[in-house]
Amino acid sequence: MRTARPLLPWVVWGIAALAYAVAVINRSSLSALGPAAQDHFGIDATLLSMFAMIQLIVYAALQIPVGVLLDRFGATSMILGGGLLMVAGQAVMATAPEVSLAILARVLVGAGDACTFISVMRMLPEWFALRQLATVSQLTGLIGQAGQLVSVAPLAALVGAIGWTGGFLGLAACGLLVVLLSALVLRDRPGDGTALERVLGRKGRLSREARSLATPPPTGVAEVSPPSTEMIPVVREPRVRVLGFWSRAQRLLALPGVRLAYWLHFTSPFAVNVFLLLWGTPFLTGGVGLSLPTAGGLLSLTVLSSMTAGLLLGPLSSRFVERRVWIAFGIVVAIMAVWIAVLLWPGTPPLWLLVMLLVVTPIGGPASMISFEVARSHTPRSFAGFGTGLVNTGGFTASLVVILLIGLVLDLQGAGSPESYSMGAFKVAFAVQIPFWLFGLTMILIESRRTKGWMQEHGRSLR
Ligand SMILES: N[C@@H](Cc1c[nH]cn1)C(=O)NCC(=O)O
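Given the structure is predicted, the values throughout are model-derived calculations rather than measurements.

**Comments concerning the packing of helix α11 (residues 270–287) against helix α17 (residues 423–430)**
Here α11 crosses α17 at 155°, and the two axes come no closer than 9 Å. Our classification of the angle between α11 and α17 gives roughly antiparallel. As α11 runs across α17, the sense of the crossing is left-handed. Touching Val274, Phe275, Trp279, Pro282, Phe283, Gly286 and Gly287 of α11 are Met423, Phe426 and Phe430, all from α17. Classifying every residue of the contact of α11 with α17 gives eight nonpolar, two polar and no charged.

Right, dumping it as structure tokens:
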């Protein structure tokens, strides 16, 4: 009897990761097209940076609602819905005659993007064994980073070659193609049908016979093994009763492991987000005094570093499950230490220190993926989408606040425009990150102690 289909989990993951990469391409599609967008809509730099901010606000604000919908409708529907929203957003961006419609386009892209990552993360434990999850999650993040590379040079080249409308319509068409592929391939879990099969009301053999890599081949005795995701199957799932939003939130937040995951995500990725989303280029050009191409070259180091760290951190955190929180903690301390060295360096920091900054800071991205592993260990399955969304708000909220504070501190020093940027002003402005790291690290210490106590009290251990 042919039962195991070891390839299907990888195919499902491949398409889900591709959908996430497309989300990242859409998210960062304006990053290399700033001047083109200013030209096209006749807008100034402030309005241009509003595009990024609005999109980020929409993304962060939708994480919890999307998580709730994810628990209700499943990952496939959310990935498809998110993909369609982004296709619509880019089609609007391509054809918008004025800036208000371009803002609507960014809202649509932000909303679609918000649906994608946490849905992909929710899908993974259904298809992979516990020992594989950390590595597969990191690979997913790495593929997303690759999407960021696509949106820099190739997209700019496409828009340069065929124009704004053609370039963005091309992007929308690629997105649509991936939505169609997703409808044909993605399944929430083994045994579920694809979106197309659900519409047709007929489940194919591939879907019926699909097996998770976590499930040992049936022996004829036990059909279903316990879900590998519940390393700590702590909270019994609510039976039939559907809990309201606040009750669900309360139950989730009552778990110290979920709070620990939140603070890990809050603390680790904001420095790299702040740098890549807004303040990296102004700091390197207006503060350090580098040319735009040199700054761009240095910034590409961040992607390389993040990808390499992702490859290492996956196996490392699944090999040392008990130590994974401390791995992330150590990475944050290293990021903070390099930043403090840069801020305390008299005058302009030397190139070697800047290279170190651009290599160490991005490791916070892959380190933040550890928070999803922690969340998975402590969140009851029926809350998994909510839990992932909640945790994912941590880093993005911190990023948003720090981005705004840096702008504010620059303005307060009278150094808020490219003509008035200076190294001294940037140093003071970037120092606002320090209380965020210290606060986050303190919360991690507090919640990891509580989590340990809670696990002892409930007789649980991490496997
Ligand atoms: N920290 C990122 C993921 C990541 C992985 N490697 C580098 N960054 C994250 O939380 N992503 C959420 C998203 O929607 O991209």
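Moving on, there is more to tell.
**Description of a nonpolar patch on the surface**
Side chains of Leu184, Leu196, Val199 and Leu200 sit close together on the surface and give an oily, nonpolar patch of about 410 Å² of accessible area. Ranked by residues supplied to the nonpolar patch, first place goes to helix α7 (residues 195–200) with three residues. Structurally, the position occupied by leucine 200 is in helix α7. Here leucine 200 falls in the exposed class, since its relative accessible area comes to 54%.

**Some details on the domain arrangement of the chain**
According to the domain assignment, the chain consists of domain 1 (1–211) and domain 2 (245–463). Taking only C-alpha atoms, the centre of domain 1 and the centre of domain 2 are 23 Å apart. Between domain 1 and domain 2, the contact holds 32 residues from the first and 36 residues from the second. In total, domain 1 and domain 2 occlude about 3000 Å² of area from one another, counting both sides; carbon and sulfur atoms represent 73% of this. Looking at the side of domain 1 facing domain 2, the largest losses of area belong to Leu56, Ile64 and Gln138, adding up to 21% of the total buried there. In this assembly, domain 1 and domain 2 are joined by two salt bridges.

**Thoughts on the packing of helix α10 (residues 256–267) against helix α15 (residues 364–378)**
At a closest axis distance of 8 Å, the pairing of α10 and α15 adopts a crossing angle of 170°. Here α10 is positioned roughly antiparallel relative to α15, judged by the angle of their axes. The residues of α15 that touch α10, namely those facing Gly257, Val258, Leu260, Ala261, Leu264 and His265, are Ser368, Ser371, Phe372, Val374, Ala375 and His378. The residue makeup of the contact of α10 with α15, split by class, is seven nonpolar, five polar and no charged.

**Some points on the confidence of the model for the chain**
In the predicted model, the chain carries a mean pLDDT of 89, and the fraction of residues at 70 or more is 92%. When the criterion is pLDDT under 50, residues 219–231 qualifies, and its contacts beyond four places in sequence or with other chains add up to 25 contacts. In this model, residues 233–240 is a region of pLDDT below 50 whose contacts with residues beyond four sequence positions or in other chains number 15 contacts. Among the prediction metrics, the complex's ipTM stands at 0.94, with pTM recorded as 0.87.

**Thoughts on the pattern of salt bridges**
Enumeration over the complete set of coordinates arrives at 10 salt bridges. Arginine 122 is paired through a salt bridge with glutamate 126; the nearest N and O atoms lie 3.0 Å apart. In this pair, arginine 122 and glutamate 126 are both assigned in helix α5 (residues 99–127), four residues apart and thus about one turn of the helix distant. With a relative accessible area of 8%, glutamate 126 lands in the buried category. Taking the shortest distance from any N to any O, the salt bridge between arginine 381 and glutamate 126 comes out at 2.6 Å. Of this pair, arginine 381 sits in the loop between α15 and α16 (384–412) while glutamate 126 sits in helix α5, and the two are 255 residues apart along the sequence. Here arginine 381 falls in the partly exposed class, since its relative accessible area comes to 23%.

**Notes on the environment of leucine 108**
Here leucine 108 is to be found in helix α5. It is 25 Å that separates the C-alpha atoms of leucine 108 and valine 199, two residues lying 91 residues apart in sequence. Contact partners of leucine 108, with chain neighbours within four places excluded, come to Leu85, Met86, Ala88, Gly89 and Val92.

**Quick look at the packing of aromatic side chains**
Taken as a whole and judged by the stated rule, the model has 29 aromatic pairs. A centroid spacing of 4.8 Å and a plane angle of 70° characterise the contact between tryptophan 10 and phenylalanine 128, whose relative ring orientation is edge-to-face. Pair noted here: tryptophan 10 is in helix α1 (residues 7–27) and phenylalanine 128 is in the loop between α5 and α6 (130–185), with a separation of 118 residues, a long-range link. Through successive ring pairs, a cluster of aromatic residues spans Tyr262, Trp263, Phe266, Phe270, Phe436, Trp437 and Phe439. Across the ring face of phenylalanine 383, the terminal group of arginine 248 is positioned such that the distance to the ring centre comes to 4.6 Å.

**What about the site of the ligand?**
Among the 15 residues in the neighbourhood of the ligand, the closest are listed as Tyr20, Arg27, Tyr59, His265 and Ser368. Within the side chain of tyrosine 20, one N or O atom sits 2.4 Å away from an oxygen atom of the ligand. Histidine 265 is positioned such that a nitrogen or oxygen atom in its side chain is 3.1 Å from an oxygen atom of the ligand. Across the complex, the protein chains shield 94% of the 380 Å² of accessible surface that the ligand would expose by itself. Considering each element in turn, the shell around the ligand owes the most residues, five residues, to α15. Counted by class, the shell around the ligand contains seven nonpolar, seven polar and one charged residues.

Cut-off values and rules
Residues numbered from 1 in each chain as written. Predicted model: local features only at pLDDT ≥ 70, side-chain atom pairs only at ≥ 80, totals over all residues. Heavy atoms only, no water. Axes fitted to C-alpha atoms, helices over the stretch in contact; angles between N-to-C directions. Helix = DSSP H or I, 4+ residues; strand = E, 2+ residues; numbered from the N terminus. Parallel < 35°, antiparallel > 145°, perpendicular 65-115°, else oblique. Left-handed = near helix turned anticlockwise from the far one by under 90°. Contact = heavy atoms within 4.5 Å. Nonpolar A, V, L, I, M, F, W, Y, C, P; charged D, E, K, R; others polar. Patch = residues over 30% accessible without salt bridge, like charges linked within 9 Å, V, L, I, M, F, W, Y side chains within 5 Å. Areas by Shrake-Rupley, 256 points an atom, 1.4 Å probe, with all protein chains shown as cover. Salt bridge = Lys/Arg side-chain N within 4 Å of Asp/Glu carboxyl O. Buried < 20%, exposed > 50% of the residue type's maximum accessible area, 1.4 Å probe, protein only. Domains from an automatic or database assignment. Buried area = accessible area lost by both parts, 1.4 Å probe. pLDDT = per-residue confidence, 0-100. Phe/Tyr/Trp six-rings, centres within 6.5 Å; stacked < 30°, edge-to-face > 60°. Lys NZ or Arg CZ within 6 Å of the ring centre and 35° of its normal. Near = heavy atom within 4 Å. Polar contact = N/O pair within 3.5 Å; in protein donor to acceptor, adjacent residues only side chain to side chain.

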